[in-house]
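Letter by letter, the chains look like this.
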Amino acid sequence: MTTLRCAVCFFLFSALSLQAQNLLQSGPMVGYTEMHEAMLWVQSSAAAKVYFEYYDSLAPSHRYRTNVVQTEASEAFTAHCVADSVQQGHRYFYDVFINDTKVSRPYPTTFRTPPLWQFRTDPPQFRICFGSCAYINETDDDRPGTPYGGDYQIFTAMAAAHPDITLWLGDNVYLREPDWNSRSGILHRYTHTRSLPEMQPLLASCANYAIWDDHDFGPNDCDRGFWNKEQTFDAFKLFWANPRYGMDNNSRGINSYFSFGDVDVFLLDDRWWRSPDKRKNCDRTILGKEQFDWLLDNLASSTAAIKLVCIGGQVLNSEAVFENYATYGEERQRLIDAIHAEGVSGVVFLSGDRHHTELSILNDKGFYPLYDITSSPFTAGPNPKAANEPNKNRVSGTFVGQHNYALLDFKGSRTDRVMVISDYDANGTQMWSKEISLKDMKTKQ
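A quick note: this is a predicted structure, and the numbers were derived from the prediction, not measured.

> Honestly, the nonpolar core in this entry has me stumped. Any pointers?
Inside soluble globular proteins, nonpolar side chains tend to come together where they are buried. Counting residues in hydrophobic clusters, the biggest one holds 132 residues, and the most contacted among them are F155, L167, L308, L350 and L408. Apart from the residues within four sequence positions on either side, L167 is in contact with I128, C129, F130, G131, Y209, F258, V265, L267, C310 and L350.

Pasting the structure below:
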């Protein structure tokens with residue numbers, strides 16, 4: 001009888017476990033991480049009760065539980081769960097539960113909270129992975145011909161680099177013609193992209209922050225006039241887990257901010273307030289006045305050694321082509337002039353969009369060099385022909401015209417701090433690397 005009971009129990013447990021596995025659509029994903037709070041995300045394939053259990057790597061026997069969320073079709077069955085029993089500078093592991101059954105994952109599910117180092121130690125060593133343009137093929141909705149997406153193994157290589165943070169710099173989803181005019185289409189596209197198997201280990205093992213560009217905002221090269229941007233805004237909030245969206249509770253747009261170690265990160269919105277590229281008789285803007293002032297206020301107030309300004313399109317490419325900031329030259333110059341006038345040290349731009357990678361440096365006499373690290377594409381079609389573009393600010397040897405991603409490593413003591421930029425192909429082979437001393441990123445007196 002005891003053997004029979006054990007067999008029945010094992011059968012029931014296996015059936016429940018399989019049912020829970022089948023209810024997992026995508027994720028889990030780590031969103032923002034703060035010293036006393038982290039956001040964990042998951043998507044089920046149907047209505048379900050979901051929550052997470054997590055534990056400190058230093059005390060694995062003491063488990064904590066997040067809030068419980070009942071997923072709903074109206075929100076694409078997504079859930080945001082808060083882990084609010086964490087401490088600064090610790091490594092945590094977690095499990096996702098669906099309908100009270102643990103869903104085991106064949107890869108690490110973990111995150112690291114930011115350390116409290118000020119007035120105590122040197123800044124921590126940490127790693128940021130970043131890039132843009134993730135196109136995932138779907139035959140029925142794609143254009144005929146050669147598939148536009150490929151090299152999905154890039155996400156496996158990114159996870160193997162063990163970043164603490166991944167920055168998704170726009171075109172993280174490619175809305176197609178069947179998608180952008182309806183909520184159902186938009187949520188389908190987000191679900192299809194987020195469900196890519198190769199993407200799951202990366203999402204699960206580090207903090208993920210995102211901005212958008214035209215393809216996750218709406219149609220190609222779209223702007224503030226896109227009629228359905230409220231729907232894409234809602235989808236962005238459902239599928240990402242940034243600290244907040246917009247400058248205050250009354251704002252729209254997805255700009256945000258967070259910090260880790262001695263780095264402040266500004267996540268900009270280059271679409272919500274953007275005037276149309278082809279309009280001439282208007283105040284031409286990418287950021288809009290409110291966001292422009294918000295950025296400058298916070299750059300001026302920041303005490304971080306490095307301020308990473310993340311934006312969908314290139315900032316320092318000299319050529320006024322496509323959607324580069326040079327096509328909005330007056331506002332770009334106002335931004336650069338304001339950084340100079342306010343004496344803001346350590347500004348580095350991170351950008352995507354262009355389907356190639358390059359490092360651009362703007363050297364202005366009397367000021368430290370401004371860097372723009374463009375990283376693109378993850379999986380969308382590369383544009384190697386852009387190597388012929390006469391970008392006067394491009395650093396020789398940094399152009400990459402194939403699928404790739406970039407890493408930023410921050411290391412060294414407070415007095416000898418360095419930022420190492422390195423670029424890798426889809427298989428994790430290094431393409432180029434450059435080390436920058438933070439001493440050289442300070443305003444000149």
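> What is the right way to read the sheet that holds strand 17 (residues 358-362) from this model?
Paired through backbone hydrogen bonds, the strands of a sheet run either parallel or antiparallel to each other. Spatially, the six strands line up as an open sheet ordered 13-14-15-16-18-17, and their pairing is mixed. Among the strands making up the open sheet, the edge pair consists of strand 13 (256-260) and strand 17. Geometrically, the sheet is characterised by an average inter-axis angle of 20° between neighbouring strands, direction not taken into account. Most of the contacts of helix 7 (residues 289-301) go to strand 14 (residues 263-267), to which it runs at about 180°, and overall it touches strand 13, strand 14, strand 15 (306-311) and strand 16 (347-351). In this fold helix 8 (residues 329-342) packs onto strand 16, strand 17 and strand 18 (370-374), with an angle of close to 155° to the strand it touches most, strand 16.

> What is the right way to look at the packing of helix 7 against helix 8 in this model?
Each packed pair of helices is defined by two parameters, the angle between the axes and the distance between the axes. In contact at an axis separation of 10 Å, helix 7 and helix 8 are set at 20° when each is read in the N-to-C sense. The angle between helix 7 and helix 8 places the two elements in the roughly parallel class. Between helix 7 and helix 8 lies a crossing of right-handed hand. Together, F292, L295, L296, L299 and A300 of helix 7 and E331, R334, L335, A338, I339 and E342 of helix 8 make up the contact between the two elements. Residue composition of the contact of helix 7 with helix 8, by class: eight nonpolar, no polar and three charged.

> Could you clarify how one ought to interpret the pairing of strand 14 in this entry?
Both faces of the sheet carry side chains from a regular strand, because those side chains alternate between them. Most of strand 14 sits out of view: five of its five residues are buried. Burial along strand 14 is two-sided: the face carrying V263, V265 and L267 and the face carrying D264 and F266 are both buried. As paired elements, strand 14 and strand 15 share five bridges and run parallel to each other. Looking at the pairing, V263 lines up with I306 of strand 15. Read from strand 14 through helix 7 to strand 15, the crossover connection turns out right-handed.

> Mind showing me how you'd approach helix 7 here?
Owing to its 3.6 residues per turn, the α-helix brings residues three or four apart onto one side. When the terminal C-alpha atoms of helix 7 are compared, their 18 Å separation across 13 residues agrees well with the 18 Å that a helix rising 1.5 Å per residue should span. Among the residues making up helix 7, those that are buried are Q291, F292, W294, L295, L296 and L299. Packing partners of the buried residues in helix 7 comprise strand 13, strand 14, strand 15, helix 8 and strand 16.

> I tried to follow the side chain of D264 on my own but got confused; where do I start?
Structurally, the position occupied by D264 is in strand 14. Here D264 is buried and forms no salt bridge, its nearest opposite-charge partner K307 lying at an N-O distance of 6.8 Å. A polar contact is formed between the side chain of D264 and the side chain of Y257, at a distance of 3.2 Å. Ignoring anything within four residues of it in the chain, the contact list for D264 reads Y257, F258, S259, S302, A304, I306, K307 and L308.

> Can you help me understand unusual backbone geometry in this one?
Glycine aside, residues mostly have negative phi, and peptide bonds are mostly found in the trans state. Residue P28 follows G27 across a cis peptide bond; omega there is 5°. With phi around 60°, D151 is a residue other than glycine that occupies positive phi space. Given the relative accessible area of 35%, D151 is considered partly exposed. Phi at F322 is positive, roughly 50°, even though this residue is not glycine. Summarising the element assignment, F322 is placed in the loop between strand 15 and helix 8.

> Is there a simple way to think about the side chain of T379 in this case?
Summarising the element assignment, T379 is placed in the loop between strand 18 and strand 19 (404-411). Overall, T379 belongs to the buried group, its relative accessible area being 0%. Dropping the residues within four chain positions of it, T379 is found in contact with C133, A134, Y135, I136, Y148, G149, G150, D151, Y152, I154, F155 and H403.

Quick notes on the rules
- Within every chain, residues take consecutive numbers counted from 1 along the sequence as written.
- At least 70 in pLDDT is required for a residue's local features to be given in this predicted model, at least 80 for side-chain atom pairs to be given and counted, and no such filter applies to totals for whole chains, interfaces and linings, which use all residues.
- Remark: hydrogens and water are excluded; side-chain values derive from all non-hydrogen atoms of the structure.
- In plain words, nonpolar cores are sets of buried Ala, Val, Leu, Ile, Met, Phe, Trp, Tyr and Cys residues tied together by side-chain atoms within 4.5 Å.
- The rule is simple: take the accessible area with a 1.4 Å probe, protein chains only, and divide by the maximum for that residue type; under 20% is buried, over 50% is exposed, in between is partly exposed.
- In this description, contact between two residues means that some pair of their heavy atoms is separated by no more than 4.5 Å.
- The rule for pairing is simple: two strands pair if DSSP sees at least two bridges between them.
- Working definition: helices are DSSP H or I runs of at least four residues, strands are E runs of at least two. Numbering for both runs from the N terminus.
- All axes here are fitted lines through C-alpha atoms, helices being fitted over the stretch that makes contact, and every angle between N-to-C directions spans 0 to 180 degrees.
- What sets the label is the angle itself: under 35 degrees gives roughly parallel, over 145 gives roughly antiparallel, 65 to 115 gives roughly perpendicular, and the rest give oblique.
- We call a crossing left-handed when the near helix sits turned anticlockwise from the far one by less than a right angle, and right-handed when that turn is clockwise.
- Under the scheme applied here, ten amino acids are nonpolar (Ala, Val, Leu, Ile, Met, Phe, Trp, Tyr, Cys and Pro), four are charged (Asp, Glu, Lys and Arg), and all others, including Gly, are polar.
- With the strands pointing away from the viewer, any crossover whose connection runs clockwise from the first strand over the helix to the second is right-handed.
- By definition here, a helix of n residues has an expected span of 1.5 Å times n minus one.
- We score Asp and Glu as negative and Lys and Arg as positive, and we do not count His or the chain ends.
- Whenever Lys or Arg places a side-chain nitrogen within 4 Å of a carboxyl oxygen from Asp or Glu, that contact is recorded as a salt bridge.
- Residues adjacent in sequence count toward polar contacts only when both atoms are side-chain atoms; beyond that, a polar contact is any pair of N or O atoms within 3.5 Å, and within protein one must be able to donate a hydrogen and the other to accept it.

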